[in-house]
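Fold and geometry: a report
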Amino acid sequence: MNSSNRKLNVRYQPGWVDHMLEGLAVLVEMVIWICIYRLYLKEGNVSPEVWTMGGTSLFSLILLGVCAYVPVRYYNFPFRVNERNMGVQYALAVKLIRGLNVVLGLMFLACVFVPYYPNASLFVSLSVVLMVILFIVYAIFAYKYR
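Here is a short report on the structure shown in this document. Note that the structure is a prediction, hence the values are computed from the model and not measured. As a convention, each chain's residues are numbered from 1 in the sequence order in which they are written. Residue-level local features of this predicted model are given only where pLDDT is at least 70; pairs of side-chain atoms are given and counted only at 80 or more, and the full residue set underlies all totals for whole chains, interfaces and linings. The side-chain quantities take in all heavy atoms of the structure and omit both hydrogens and water.

1. Let's talk about the pattern of salt bridges
A side chain with one charge may pair with a side chain of the opposite charge, provided their charged atoms come close. Quick note on the threshold: Salt bridges are defined as contacts in which a side-chain nitrogen from Lys or Arg sits within 4 Å of a carboxyl oxygen from Asp or Glu. In this text, helices come from DSSP runs of H or I with a minimum length of four residues, and strands from runs of E with a minimum of two, each type numbered from the N-terminal end. Only protein chains enter the area calculation, which uses a 1.4 Å probe; residues under 20% of their type maximum are buried, those over 50% are exposed, and those in between are partly exposed.
According to the stated counting rule, one finds 3 salt bridges in the structure shown. Lys95 is the partner of Asp18 in a salt bridge, and the nearest nitrogen-oxygen pair spans 3.1 Å. On the criterion of sequence distance, the pair formed by Asp18 in helix α2 (residues 16–43) and Lys95 in helix α4 (residues 86–113) is long-range, its members being 77 residues apart. For Asp18, a relative accessible area of 0% gives the class buried.

Structure follows, in structure tokens:
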């Protein structure tokens, strides 16, 4: 039996943390669209960049939300996966995707305000730093449980 056939049997049951991260990502998306609507009411005409950020954030929410439920055979892990560590590596990858979904939503939320408030670019930089921290933490745990 090769390694691709063994990967087919891994199932991941989302826990309360996973559902909380998904809910938080949806909440951030709703805040983004409420802010776009409020800017539209306040300004009368919203910059095209704002609509682009709203659409891109919605697309990334749906794409990453679907990717969190993709079977394990579609994942490409940074370390060698065997029968002993496959479940842990899969759980870590799913948590990374869900955390990335939240952080990307926060970045898009900050990007919505950049054309109107130049200081909002600081929050974009902060969300990029959060993404880097998220990837570093994932790499550390994936290395630990290899």
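On we go.
2. Let's talk about the environment of Glu49
Here Glu49 is to be found in helix α3 (residues 48–67). Judged by relative accessible area, which is 46%, Glu49 ranks as partly exposed. Sequence separation of Glu49 and Ile62 is 13 residues, and the distance between their C-alpha atoms is 20 Å.

3. Details of the packing of aromatic side chains
Operational definition: Any two of the Phe, Tyr and Trp rings considered here, Trp counted by its six-membered ring, make a pair once their centres fall within 6.5 Å; the pair's planes then place it as stacked at under 30 degrees, edge-to-face at over 60, or tilted in between.
Per the counting criterion, the structure on display carries 4 aromatic pairs. Between the aromatic rings of Trp33 and Trp51, the centroid separation amounts to 6.3 Å while the plane-to-plane angle is 40°, which identifies the pairing as tilted. Taken together, the residues span a long stretch of sequence, with Trp33 in helix α2 and Trp51 in helix α3 at a distance of 18 residues. Relative accessible area serves as the criterion here: at 30%, Trp33 is assigned to the partly exposed category. Residue classification places Trp51 among the partly exposed positions, given a relative accessible area of 41%. A centroid spacing of 6.4 Å and a plane angle of 65° characterise the contact between Tyr40 and Trp51, whose relative ring orientation is edge-to-face. Of this pair, Tyr40 sits in helix α2 while Trp51 is found in helix α3, placing the two residues 11 residues apart along the sequence.

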